[in-house]
Amino acid sequence: MAFVFENLKFKVVETISDFQIESKKTGKVAGMGDMVGTYYTNEGKLVHVGTEEFYQMLQDDLTCNQDQYMEAFFPEELEPSTQPTEKKIYLITVINSSDEYDETRYGILEVTAKLVDRLRKYTKIVEEVPCASSVRFDECCFDFVDYALEEAFPEIKSDIEILNYGQFFRTTIDLSTDVLLDRNAITNTDCHCVNIYKSNPSSFTFLAYNKYDGTEYSFEVDLEELEAALKEFDLDYSVITQEEKEKYLKFPNVCPKCGSSNIETKGSCHINESGAWQDMECNKCGFSWQDIYSLTDIVATNI
């Protein structure tokens, strides 16, 4: 059975096992899963799927909340001004170069809680292994760029051109790699990695080298600066706000912190007499949480 409601950008198709939502613009189809609501009458009686009353309530729900459904299933079709985007935090700093005539000037580091967790783990290794004076690991969350960065993003030019080595500018402007590549701003670097030294384990050296001429680029940032960047832009991963919780309960297919759809379950679902819960994690920002489930109804399955 298919529903095509007027003044909506999608239709809902009922299959044997579930409901599917289909974009009227592109034809893209997605399973609705738990996004189909459970409806009750004013007397508190459950409205069963397949009844006229259920379809009317479903239509009313879709009509009133079509923007939220579009945001959850077809965000790429939203207008740029309303399209949800992942929250990204960048640090921009001045770099060291082994070639004093090289025009590469800036380092750009994308800061996430997942990066901070990795750095903490490697810091623990270099601190606890007696024979380790340092540890190096591969990392790909940073780039080295030249002065074209100032032209590509003029709104931050005045803030970054005054930076000295060891100073940082924090921003949530999307420093798109595509934009920088179009302006030939990103240096052709290879072997992106991080060094942590036992002599100063709370400071991290991000480095790479130009794969054509061997010029090495690097910058340092300490743990305190990274944590301050997360805090400044309200990415506190120790708590979940009521607003984040309410949005996630309505659209549980994206991370409640950064908005990324790259989330996954961790391990098996846990079940006991009081309910069930599932560990979840965002592969983008590293935020972890638990989905909590409760028993709301049972149906007979005997044929």
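Residues numbered from 1 in each chain as written. Predicted model: local features only at pLDDT ≥ 70, side-chain atom pairs only at ≥ 80, totals over all residues. Heavy atoms only, no water.

A. Molecular detail of the overall build of the protein chain. Of regular secondary structure, the protein chain possesses eight helices and 16 strands. For the protein chain, the C-alpha radius of gyration of 25 Å lies well beyond 19 Å, the compact-globule estimate for 303 residues. C-alpha extents for the protein chain along the principal axes are approximately 75 × 45 × 30 Å. Residues counted as buried form 41% of the 303 residues belonging to the protein chain. (Helix = DSSP H or I, 4+ residues; strand = E, 2+ residues; numbered from the N terminus. Rg over C-alpha atoms; globule rule 2.2 N^0.38 Å. Buried < 20%, exposed > 50% of the residue type's maximum accessible area, 1.4 Å probe, protein only.)

B. Main features of the side chain of Asn210. Along the chain, Asn210 falls in strand 12 (residues 203-210). A relative accessible area of 9% places Asn210 in the buried class. Within polar-contact distance, the side chain of Asn210 engages the backbone nitrogen of Tyr212 at 2.8 Å. Apart from the residues lying within four places of it in its own chain, the contact partners of Asn210 are Thr187, Asn188, Thr189, Thr215 and Tyr217. (Polar contact = N/O pair within 3.5 Å; in protein donor to acceptor, adjacent residues only side chain to side chain. Contact = heavy atoms within 4.5 Å.)

C. Molecular detail of the packing of aromatic side chains. Taken as a whole and judged by the stated rule, the model has 11 aromatic pairs. Ring geometry for Phe142 and Phe219: centres 6.0 Å apart, planes at 90 degrees, overall edge-to-face. Linking Phe142 in strand 9 (residues 142-146) with Phe219 in strand 13 (residues 216-222), this pair joins segments that are 77 residues apart in sequence. Since its relative accessible area comes to 1%, Phe142 is described here as buried. Exposure remark for Phe219: the relative accessible area of 1% places this residue in the buried category. Summarising the aromatic geometry, the rings of Phe144 and Phe219 are spaced 5.8 Å apart at their centres and angled 65 degrees between planes, so their arrangement reads as edge-to-face. Residue Phe144 is located in strand 9, and its partner Phe219 is located in strand 13; the two are separated by 75 residues in the primary sequence. The aromatic ring of Phe287 is capped on one face by Lys257, whose charged end is 5.6 Å from the ring centroid. (Phe/Tyr/Trp six-rings, centres within 6.5 Å; stacked < 30°, edge-to-face > 60°. Lys NZ or Arg CZ within 6 Å of the ring centre and 35° of its normal.)

D. Highlighting the sheet that holds strand 11 (residues 189-197). The strand order across the open sheet built from five strands is 6-13-12-11-8, with neighbouring strands paired in antiparallel fashion. What marks the edges here is a single partner per strand, and that holds for strand 6 (96-97) and strand 8 (134-138). In terms of strand pairing, strand 12 meets strand 13 through seven bridges, oriented antiparallel. Along strand 13, the bridge assignment pairs Phe206 with Phe219. Sheet strands touched by helix 3 (residues 113-128): strand 8, strand 11 and strand 12. Its angle to strand 11, the strand with the most contacts, is close to 55 degrees. Taken strand by strand, helix 7 (residues 223-232) contacts strand 12 and strand 13, and its axis lies near 70 degrees from that of strand 13. (Pairing = 2+ DSSP bridges. Axes fitted to C-alpha atoms, helices over the stretch in contact; angles between N-to-C directions.)

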